[in-house]
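Chain by chain, the residues run as shown.
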Amino acid sequence: MAADDESRVPAWLEPMLAKADGGRLRTGPEWAYEYKLDGYRAAMRIAPDGTTVLTSRNNIDFTAEFADLAGVLAPALDGQAAYLDGEVVVYGEDGRIDFERMQERRGRWVRHQSGPKGLEFTDVPVRFLAFDLLRLGDRSLLAAPYDERRRLLAELPMPDPYRISVVRAVTFDELAADRRTPADFLAHAAAAGYEGVVAKLRSSAYSPGQRPDSWLKHPLIRTQEVIVCGWRPGQRSFTGTLGGLLLGAHDPGTGDLVYIGDVGTGFSQATRADLMAQLQAIERRTHPFATTPPREDTVRARWVEPRLVGEIVYRQFTRGGRVRHTAWRGLRQDKDPAEVLAPRAGSPEPAAPAPPPPEPSGQRITVQAGNRRLTLSNLDKVLYPAAGFTKGEVINYYSRVAAVLLPHLAGRPVTFIRYPNGVDGQKWFEKNVPKGAPDWLRTVRLTGSGGTIDYPLLDDLPGLVWAANMAALELHVPQWTVASGARGTPDRLVFDLDPGPGTTIVDCCRVAERLHDVLVADGLTPYAKTSGSKGMQLYCGISTDDPGAPSAYAKRLAQRLARETPESVTAVMAKAQRPGRVFIDWSQNNPAKTTVAPYSLRGRDHPTASTPVTWDEVRACRHVTHLTFTADEVLDRIDDHGDLLAGLTGSAGAAALPA
């Protein structure tokens, strides 16, 4: 073998990714289960001569940063090349994977990487946990089934398991033989502090860069017994009934009754009425805790004797001693309050870019957003009850997506749809800048058929965070920008594909494919995104001096497709024409109309977002779930793809409309 071949590491591949399982952990003999890890996804690529390269999921070289891992496995490979997929993790003092310690280590590395060479971090050792094997020797294993790849991985000797080892995997059949179920495995993952479980189809190949249905991640939702120590009366739609409960538990160390947070979702109307009746009978004047809770947490609180025990589900118990992302499960008549102990703080969630939603100790908190300081409120308020997704998480999402979202908002007057009481509460459209808006917020005054309106312009991170803090979940913009304080000419053409009764986004994709071909033939470059609700939109960057031209052109195309396939497409909005058809809404090009912005959240049961997609994804779509993306999945996609609509911004992607 030539020296060059011996030192040549296997070529990097985009990692295969897991799709959210929608809350349903898959079961059956065709599935295997692994722990979901909380570290840095990494590829370990080893050449025949032992040269080792560690690479991030985005092809960033990690080798120097995690130098302790390089070369560890090479002696066991006996001159064979190898490609391992896995995760680099750090452990905390409690023996659990600790992402915060990893982040701290990373920060130190970034600060010191320009310093002395060979800088080590022996005080924070790292470990590579392998869960897949993509190459061994001269053989690519991408097409091999999961079971075979895992078998070969398990057979590799691990010379130093403190630095490299294999993630445990167990099949459904192995669990069944032990008289256990996947739910038992999930419970063990929770007890061990893992993020969740990933179910993997045992017959599946490895698909680089894809997020197929063969890898499904199931994040953990924990349960906790709590003592009901107080309640808040409901507001607005819940006026006259119970709004939420204030919770306590006994400190495991001291035995003191301590405040651990609240819960405001998961109640039926009957449950609210029943609980309020029970709580009114045991009211007291003062709180029952050993230490007074923060004043901001107890506004409008009515205290009760700590006699009732209930159960909640939650995602995290913070180091500040609070349960987060809670929902009520019910009373536990079988439990004594003296038995209820507070959970111990586990690994925190990954820190987000500025402005992060800090652990809220009260109702209001000040953060730095770009060059502005903003006061945020009610960060723990749940806006998506079905998912337990809070306002703090909404702000976090918009903060992290800002880099790709803001170019699509720049210069465009924004219409908000606000959900101050969450997606189950009342909503309203808001075009005018609300009272109390900060004086630094850019606005534009425009006059139209509806009168004069002062629109907000969200051109920067502070403006975006300000809007999210108002629970402006949905952001809608027109297909034109403001020029010199006045409405400019359209720079985008849009087709809004809306599935009628009996159709889904799958049917929209088939129509989108046809539109794609027509638009390309007309010299335009179409881009696709989901609506985040039921349908999707197609965009083209255009250049025109006629505000009416986009609507006229879009109408012609819509009517053409409707004539060609009247059984599946309609170009009219009438409800009678909609069943079994996809409505091509060409009227969204009217200068008075707006369309949901790319990356905007939607006011649905779950925090889905309007998501740019590739044409390969459109063509491959055969099920609604293939093109349904939640906030977390959108952030993953941005890491993988960047902004798939980047070609729409600027004049470079604009083309003249055909006559």
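See above for the structure.
In short, a report on the structure. (Residues numbered from 1 in each chain as written. Predicted model: local features only at pLDDT ≥ 70, side-chain atom pairs only at ≥ 80, totals over all residues. Heavy atoms only, no water.)

1. Describing the pattern of salt bridges
Opposite charge on two side chains permits them to pair, given that their charged atoms come into close proximity. What counts, and what does not: Here, a salt bridge means any side-chain nitrogen of Lys or Arg that lies within 4 Å of a carboxyl oxygen of Asp or Glu. Helix and strand definitions here come from DSSP, where helices need a minimum of 4 consecutive H or I residues and strands a minimum of 2 consecutive E residues; each element is numbered from the N-terminal end.
Counted by the stated rule, this structure contains 29 salt bridges. The residue Glu564 makes a salt bridge to Arg514 at a minimum N-O spacing of 3.0 Å. Linking Glu564 in helix 11 (residues 549–564) with Arg514 in helix 10 (residues 505–521), this pair joins segments that are 50 residues apart in sequence. In this structure, Asp616 and Arg619 form a salt bridge, with 3.6 Å as the shortest nitrogen-oxygen distance. One end of the pair is Asp616 and the other is Arg619, both in helix 12 (residues 615–620) and three residues apart, which spans about a single turn.

2. Observations regarding the pairing of strand 27 (residues 472–477)
Cut-off, in case you're wondering: The cut-offs for exposure are 20% and 50% of the maximum accessible area for each residue type, with area from a 1.4 Å probe on protein chains only; residues under the lower value are buried, those over the upper are exposed, and the others partly exposed. Strand pairing requires that DSSP identify at least two bridges connecting the strands.
Burial of strand 27 is extensive: six of the six residues sit out of reach of the surface. As paired strands, strand 23 (residues 415–418) and strand 27 are joined by four bridges and run antiparallel to one another. Across the sheet, the residue bridging to Arg418 is Ala472, located in strand 27. In this structure, strand 27 lies alongside strand 35 (residues 595–596), joined through two bridges in antiparallel fashion. Within strand 35, the residue paired with His476 across the bridge is Val596.

3. Regarding the sheet that holds strand 2 (residues 31–36)
How we decide: Here a residue-residue contact requires only that any non-hydrogen atoms of the pair lie within 4.5 Å. Structural elements are reduced to axes, namely lines fitted to C-alpha atoms, with helices fitted over the stretch in contact, and the angle between N-to-C directions of any two is expressed from 0 to 180 degrees.
Read across the open sheet, the five strands follow the order 1-11-10-2-9; overall the sheet is mixed. Edge positions in the sheet fall to strand 1 (19–20) and strand 9 (169–171), since each of these pairs with one other strand and no more. Bridging between strand 2 and strand 9 involves three bridges; their strand directions are antiparallel. Paired with Glu34 across the two strands is Ala169, which belongs to strand 9. The strands touched by helix 4 (residues 146–155) are strand 2, strand 9, strand 10 (196–201) and strand 11 (215–219); relative to strand 2, the strand with the most contacts, the crossing angle is about 55°.

4. Some remarks on helix 8 (residues 391–409)
Inclusion rule: To estimate the expected span of a helix, subtract one from its residue number and multiply by 1.5 Å. Think of it this way: the bend at a residue is just the angle between two axes, each fitted to seven residues, one set ending at that residue and the other starting at it.
Relative to the 27 Å expected for 19 residues at 1.5 Å per residue, helix 8 spans just 21 Å between its end C-alpha atoms, considerably shorter than the ideal helical length. Of all the bends in helix 8, the greatest, near 75°, is centred on Ala402. Of all 19 residues in helix 8, 16 are buried, a share of seventy percent or more.

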